[in-house]
Amino acid sequence: MHTIKAQLTPESSATDSHSYRWLQLENGLRVLLVHNASSKQSAASFAVNAGHFHDPIEAQGIAHFLEHLIFLGSASFPEANAFANRINNSSGHFNAWTGTEHSNYYFACATNEFSDCVKHFSSLFKEPLLKHEWVDKERQSIEAEYRLKLKDELRRLYEVHKTTSNPAHPFAKFSVGNAETLADTNITIRERLEDFHQTFYVANNAALVLAGSQSLTELQEIALAHFADMRAGEAAINLPAVPIYQEQHKSCQIYVRPIKQANRLILTFPLDEINSDYLHKTTSFLAHLLGHEGSGSLCYFLRQQHWIQELSAGGGMSGYNFKDFHLNIQLTDLGAENIQHVVQACFQYIRVIAAEGVQNALYNERKQMMALAYQFPEAIQTVELASQLAINMLHYAPEHVVSGDYRMDGLRNNLARVTLSKMIPENARITLIHPQAPVNQKTQYYGAEYKIEPLSSEQLSILKQPVPETLQANFQVPEANPYTPKRIVPLPIAKQLQSEATAVQNQQCERTGYYPNKLSSPAGVTLWYLQDVHFREPQAHIYLSLQLPLANASARNHAISRIWCELGQELLSEQFYDAEVAGMHFNLYPQQSGITLHLSGFSDRQPALFKDLMRSLAALRSSKQHFHTVRQQLQRNWQAIHQNKPINHLFSLLHHQLQHGAYTAQQLADSIVDLDFEHYCDLLPGMLRDAQAIILAHGDIEQKTAGELANWVAQTLPVIAEPKAKVSRSVKRLNSGVQTVPFLNEHSDHAFALFFQGQNTGLHEKAYFLVLNHLFSARFFHSLRTEQQMGYLVGSSYLPMHGLPGLLCYVQSPNYVPADISAAVEIFITQFLKQLVTLPAADFVNAQKAVLHHLTDSAPSMRVRAQRYWSSVINNRGDFELANRVAETVRNITHAELVAFATKRLKSERCAMALADNLV
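The residue numbering used here restarts from 1 in each chain and proceeds along that chain's sequence as written. Under the rules for a predicted model, residues below a pLDDT of 70 receive no local features and side-chain atom pairs below 80 are neither given nor counted, while totals for whole chains, interfaces and linings still include all residues. To get the side-chain values, all heavy atoms of the structure are used, and hydrogens and water are removed first.

(A) Quick peek at the overall build of the protein. A run of H or I in DSSP counts as a helix once it spans at least four residues, and a run of E counts as a strand once it spans at least two, with each numbered from the N terminus. A count of helical and extended segments in the protein gives 30 helices and 26 strands. Based on C-alpha atoms, the radius of gyration is set beside the globule rule, defined as 2.2 Å times the residue count to the power 0.38. In terms of overall size, the protein behaves like a compact globule, its C-alpha atoms giving a radius of gyration of 28 Å where 920 residues would be expected to give roughly 29 Å. Across its three principal axes, the protein shows a C-alpha extent of roughly 80 × 75 × 65 Å. For the protein, the proportion of its 920 residues judged to be buried stands at 57%. Should any heavy atoms of two residues lie within 4.5 Å, those residues are counted as being in contact. In the protein, the share of contacts with a sequence separation of at least 24, taken over all contacts with a separation of at least 6, comes to 82%. Residues scored as charged are limited to Lys and Arg (positive) and Asp and Glu (negative), so that His and the chain ends carry no count. Here the site of a charge means atom NZ of a Lys, CZ of an Arg, CG of an Asp or CD of a Glu. Taken together, the 76 basic and 85 acidic charged side chains of the protein have centroids lying 4 Å from each other. Only protein chains enter the calculation, and the probe is 1.4 Å; a residue is then buried if its accessible area is under 20% of its type maximum, exposed if over 50%, and partly exposed in between.

Right, here's the structure in full:
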């Protein structure tokens, strides 16, 4: 009989809907049980204290390699796709990742099948097969993943970082692996995999989270039944106590030449580890001060000089004995010309914070916002929660596995001052990423060009000097935040919704018809409104879309709307940074039909902030310098698309081919070559005219307030007018057969995509495509990715366009040309249609259940619910019942009907488009 070695109840917020139990099993495995009666699915996450830092030097990348192989069969379930099939048939999904010091595996499934899925899940870690044939095939997959990322700028910069660190520190190892580092030597790679598994995949070196609607007692029984017999083993051996940088790796300049256009400056300050400070979060507090964007801040000053576009503070690698603290700055061309002043300003501002910023008042203000986030956390899917908590269990004391992310137990003044004292030129690594950066070396695996040289005594002296007085750098620490919410209880529920609130309290399902209502509003404005009674929290979401009939009339118009959004977002971020810090977030972005502003977060000051944002947008006047900076950056991004993953280009090209108003990146770049500031100012008013506004106010907000906001929009934005022209929303219908579209590809990989278009927008067409995609996708991945190793990026997806459904399958390959991929796809489709005829009844029913779960699953958070409502408003003109009608159709289709439909759409009567590089 298995016993529990230790047990406790972790700290959690009084408003948390979950209940928790932490256990340690007799074999040493730490287990966290999470119960939530409203969970629609159950989930598990297994985290092991082993990542690429633990790779043997002779087999770098083996932790990542083992992650690939774990899911491909166990002694109890030997088929390579057995676990994938089980989870797929249970309406779930699974995934994994490998980090520096940890690896994490997780899945979600139907609650009634959770115990069987956990049994299968546990066998993958206790008795993985690591079969020779899959070792050989997955090594090809690792090689394909490595080659896929050869031009990935982040990977290239990461390797420069590794190459310029202490070679004796595990950070210097090659984390991904490739065919060379994972080759057989005097010891086969399979033997190394078995040794790595035996050493690290043991109970004393891992943590498990089980979460769902089951009681804590039921979850405990599942954990004991399937993990109590896991081999105990030992905790991971200590990693080497050597510094991540030697002296020659500090007080230095590092130059990196990117492949694509980039202009970035990173100041890195090596610090001590921060894991032990999680109850105080000193470094996080300093990052908040140094990354502040309000008046008097470093970011504000640098933007006023037109030297930077973005600045962030505090990011960087963190590990068992180190923390890299970054000031990460995206420079403008003018900033690159004044790089010395930019760096001087950084050190000058750090000195101001060190002298004046370590204040209990500022710390407590940050602490208050963390406490509100703890009290009203953003609800997430059960599987995401399980995955996060599993990693927390490897870092925090048992009682803090839930609360540890939010604790700020007081400012450690001495630690803050010591930390700031290390942010000096003598301890800095100054990295400049620029196309003209001087270079003299290349990294081993990604061929990144770089140069490292020490800072001279003269340079050190200059960097300690303030910027010239003529620049008027009036730095100051942040002031008290005026947007900190004062009301933290939800508003009373409106009378007409009180019966709905009672149903929620009784834990009844959401009733059909609980949707936003269209309210009366001024001419040119459509207002949708709903007070949320399910998520009783003082937060709300306000969406405003300006439907612009001319925004996509041409590539230039679309490019102008993008420029306007970028300029507007930067203006708002600068003016209302305090609101962002106080938990009120806003985002201005272009959509195919116009421009959207999304305001979310705490509702106390939200209506006032919305009006302030509207005033600022209505009065938006950008400088000539600012315009040219944004235009130039967008143009560079669009021109660089051919160097990105070709599969991403295929997706973009498909939309351009089929949707009115969707333009290629090259068309957008070409459209603004001759666009100067005066021309932009002349064209913008015409493009914005005849706008119609659509508003959704959802959450903790009163109906009267929503109406006031609609009136405010009509009065404040002069472009709002009676509808004259409709926004064009149309899809090109494909003819029978396959239309081929080639594209330019500068990547070393080849790419191929085949899109099958539906023939109408009816409910049956949507239902058939959804069920077809569910049956198609897992089999397509297993055949072309796992068995044939056609490439690393392989998949298929349901892809609707303005209500017209479709199915897209795609492959990106380093080894096969598009003609070979196309042939393999056609062979698969033929085989799939034959398999579909003899599909077991249970598999068909499981596919229906999985699709029904997707269509009818209730939103896990107010944010997700608001997104769904907004999508219905924009894409389906407020048809909130569409998903339910499609679900009812899915329930009633038959196997025979699906076979007939699939045969027509995928083969005999296909209307398809094939896209590939060098397609003939």
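(B) Expanded view of the side chain of Asn773. Within the secondary structure, Asn773 is located in helix H25 (residues 763-787). A residue is classified by how much of its surface remains accessible, and Asn773, at 14% relative accessible area, is buried. Sequence-distant contacts of Asn773, that is, excluding residues within four places in its chain, are made with Ser796, Ser797, Tyr798 and Leu807.

(C) Broad picture of the sheet that holds strand E23 (residues 750-757). Taken together, five strands build an open sheet; the order of strands is E22-E26-E23-E25-E24 and the sheet is mixed. The sheet is open, and its two borders are formed by strand E22 (737-743) and strand E24 (793-798), each paired with just one other strand. Shown here is a sheet whose adjacent strand axes are inclined to one another by a mean of 10°, direction ignored. Against the sheet, H25 makes contact with E23, E24 and strand E25 (806-813), and its axis sits at roughly 170° relative to E24, the strand it touches most. The criterion for strand pairing is that DSSP finds at least two bridges linking the strands in question. Axis lines are fitted to C-alpha atoms, over the contacting stretch for helices. Their N-to-C directions set the angle, which ranges from 0 to 180 degrees.

(D) Structural view of unusual backbone geometry. Positive phi outside glycine occurs at Leu130, with the angle close to 50°. As for its position among the elements, Leu130 is in the loop between helix H3 (114-126) and helix H4 (132-148). Here the phi dihedral of Lys281 falls at roughly 55°; this positive angle occurs in a residue that is not glycine. Mapping Lys281 onto the fold places it in the loop between strand E9 (264-271) and helix H8 (282-290).

(E) Just the side chain of His64, in detail. Relative to the assigned elements, His64 resides in helix H1 (residues 62-70). Discounting chain neighbours no more than four positions away, the residues touching His64 are Thr98, Ile142, Glu145, Ser175 and Val176.

(F) A look at H8. When you tally the buried positions in H8, you get eight out of nine residues, the bulk of the element. Residues of H8 that are buried: Thr282, Thr283, Phe285, Leu286, Ala287, His288, Leu289 and Leu290.

(G) Summary view of the pattern of salt bridges. By salt bridge we mean one thing: a side-chain nitrogen of Lys or Arg within 4 Å of a carboxyl oxygen of Asp or Glu. Enumeration according to the criterion identifies 29 salt bridges in this entry. We note a salt bridge from Arg190 to Glu194, for which the minimum N-O separation is 2.7 Å. Linking Arg190 with Glu194, this pair stays in helix H6 (residues 189-200), spanning four residues, or about one helical turn. We classify Arg190 as buried; its relative accessible area is 18%.

(H) Quick peek at the pairing of strand E3 (residues 30-35). With five of six residues buried, E3 is to be regarded as a mostly interior element. As paired strands, strand E2 (residues 19-25) and E3 are joined by six bridges and run antiparallel to one another. Its bridge partner being in E3, Trp22 is matched across the sheet by Leu32. The hairpin turn running from E2 into E3, its antiparallel successor, is four residues long, and Gly28 in that turn takes a positive phi close to 100°. Inspection of the sheet shows E3 paired to strand E7 (residues 206-212) by six bridges, in the parallel sense. When the bridges of E7 are listed, Arg30 appears paired with Ala207.

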